[in-house]
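# Reading the structure
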Amino acid sequence: MKTFIFLSVLFMLTSCNTLPTRTSTPISVDNNEIKLTQPDLQVRGELMNALKNRCSVRTFDTKALDLETLSDLLWAANGINREESAKRTAPSAVNAQDILIYVCMEQGAFIYNHEAHSLQQVSTQDLRKEIAHTQEFAQEAPISLVLVSDLSRFPFDNKEKALQLGCMDAGYVSQNIYLYCTIANLATVARGTMSTDALKEALNLNENQVPLLNHPVGYNKETIQ
Ligand SMILES: Cc1cc2nc3c(=O)[nH]c(=O)nc-3n(C[C@H](O)[C@H](O)[C@H](O)COP(=O)(O)O)c2cc1C
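Please read all numbers here as calculations on a predicted model, not as lab measurements. (Residues numbered from 1 in each chain as written. Predicted model: local features only at pLDDT ≥ 70, side-chain atom pairs only at ≥ 80, totals over all residues. Heavy atoms only, no water.)

### A short note on empty space enclosed by the protein
Condition: Residues are called lining when one of their atoms sits within 4 Å of a cavity or pocket point, these points coming from a 1 Å grid over the protein atoms alone, where a cavity is a set in which a 1.4 Å probe fits but cannot get out and a pocket is an open set with protein on both sides within 12 Å along at least five of seven lines. Grid points are joined across faces, edges and corners, and a volume is the space filled by probe spheres set on the points. Amino acids outside the nonpolar list (Ala, Val, Leu, Ile, Met, Phe, Trp, Tyr, Cys, Pro) and the charged list (Asp, Glu, Lys, Arg) are all regarded as polar, and Gly is one of them.
Following the criterion strictly, the structure yields 1 cavity of 30 Å³ or more and no others. What the largest cavity holds in volume is close to 50 Å³. What lines the largest cavity is simply N78, A90, P91, S92, Q97, D98, I99, D169 and V173. Here the residues of the lining of the largest cavity are counted per class, giving 4 nonpolar, 3 polar and 2 charged.

This is the structure:
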């Protein structure tokens, strides 16, 4: 009997070890594009625990994120979750889909293309200093996401109303980023602080495209193993 229990436990332990391990690919730019991987819907995490643990973290390690993590982060932030309507993981006022996500890192700045689930390079400049602005800790993060509302996507001329709705849309994307980071054991903080004018110029934004928030994302320097 003892031998049977021992063998059963051994079998359970070895079969756990045969579960597929997550691939970890370095991020690389090919022809001004980064092709993202499909979202890993098996990433485990429970909503109630994510809500319990969500918090702003301001201590970043410089360790790079891998391609799979960046891909999942962007899909969770505002990726397409219904192919038939191209609607997203975050709601959007009047379905304007006004939130553009810029990914800024050492290799340059990229815009998230939701349809292609890829990143298109818009600058070769590392803009993390301009994003960090007066908060140096933010520059340490390997990646910063900048949430920009494109007010021209609202189907009316009232700029004030469009900005109000754009701010709300950015808030939903921001919370998606927080919740994914919590589940993926990543550090992040929503920040209104940034060198807005410098970013507008470097990202070549037009007068309707307003940077609203940014999220440095990386591993927590205090808990990284
Ligand atoms: C719209 C918005 C703007 C924020 N801007 C900054 C910022 O510029 N710098 C910063 O360190 N934290 C910023 N924060 C984070 C808040 O300080 C933080 O959420 C708050 O202290 C509560 O902490 P918690 O997120 O851990 O609950 C911002 C949060 C929000 C929602």
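Now, onward.
### Focus: the site of the ligand
This is how it is decided: By convention in these notes, a residue is near a molecule or strand provided one of its non-hydrogen atoms lies within 4 Å of it. Definition of a polar contact: a pair of N or O atoms within 3.5 Å, with one able to donate and the other able to accept a hydrogen when the atoms are protein atoms, and with sequence-neighbouring residues admitted only if both atoms are side-chain atoms. Per-residue accessibility takes into account occlusion by the displayed protein chains alone, with areas from the Shrake-Rupley method and a 1.4 Å probe.
By nearness alone, 13 residues border the ligand, and R54, S56, R58, A190 and T193 come closest of all. Measuring from an oxygen atom of the ligand, one finds a side-chain N or O atom of R54 at 2.7 Å. Burial of the ligand by the protein chains amounts to 52% of its free accessible area of 620 Å². Taken together, the residues of the shell around the ligand break down into 6 nonpolar, 4 polar and 3 charged.

### Structural notes on the sheet that holds strand β5 (residues 108–113)
What counts, and what does not: Paired strands, as defined in this entry, are two strands with at least two bridges between them according to DSSP. Numbering of helices and strands starts at the N terminus; helices are DSSP runs of H or I of at least 4 residues and strands are runs of E of at least 2. Here, two residues are considered to be in contact whenever any of their heavy atoms come within 4.5 Å of each other. Every axis in this analysis is a line fitted to C-alpha atoms, fitted for helices over the stretch in contact. Angles between the N-to-C directions lie between 0 and 180 degrees.
Strand order in the open sheet made by the 7 strands is β1-β6-β5-β4-β7-β9-β8, with antiparallel pairing throughout. Each end of this open sheet is capped by a strand with a single partner; those strands are β1 (33–35) and β8 (187–188). Of the strands in this sheet, β1, β4 (99–105), β5, β6 (118–123), β7 (143–150) and β9 (209–218) are in contact with helix α3 (residues 67–78), which crosses β4 at around 160°. Across the face of the sheet, helix α5 (residues 159–183) comes into contact with β4, β7, β8 and β9 while running at roughly 10° to β9.

### Some points on α5
Going by this rule: Helices are assigned an expected span. That span is 1.5 Å times one less than the residue count.
For α5, built from 25 residues, the straight-helix expectation of 36 Å at 1.5 Å per residue is met to within 8% by its first-to-last C-alpha distance of 36 Å. Measuring from the side-chain oxygen of the N-cap residue of α5 to the backbone nitrogen of E160 gives 3.2 Å; that N-cap residue is N158. N185 occupies a position one or two residues after α5 and carries a positive phi of about 60°.

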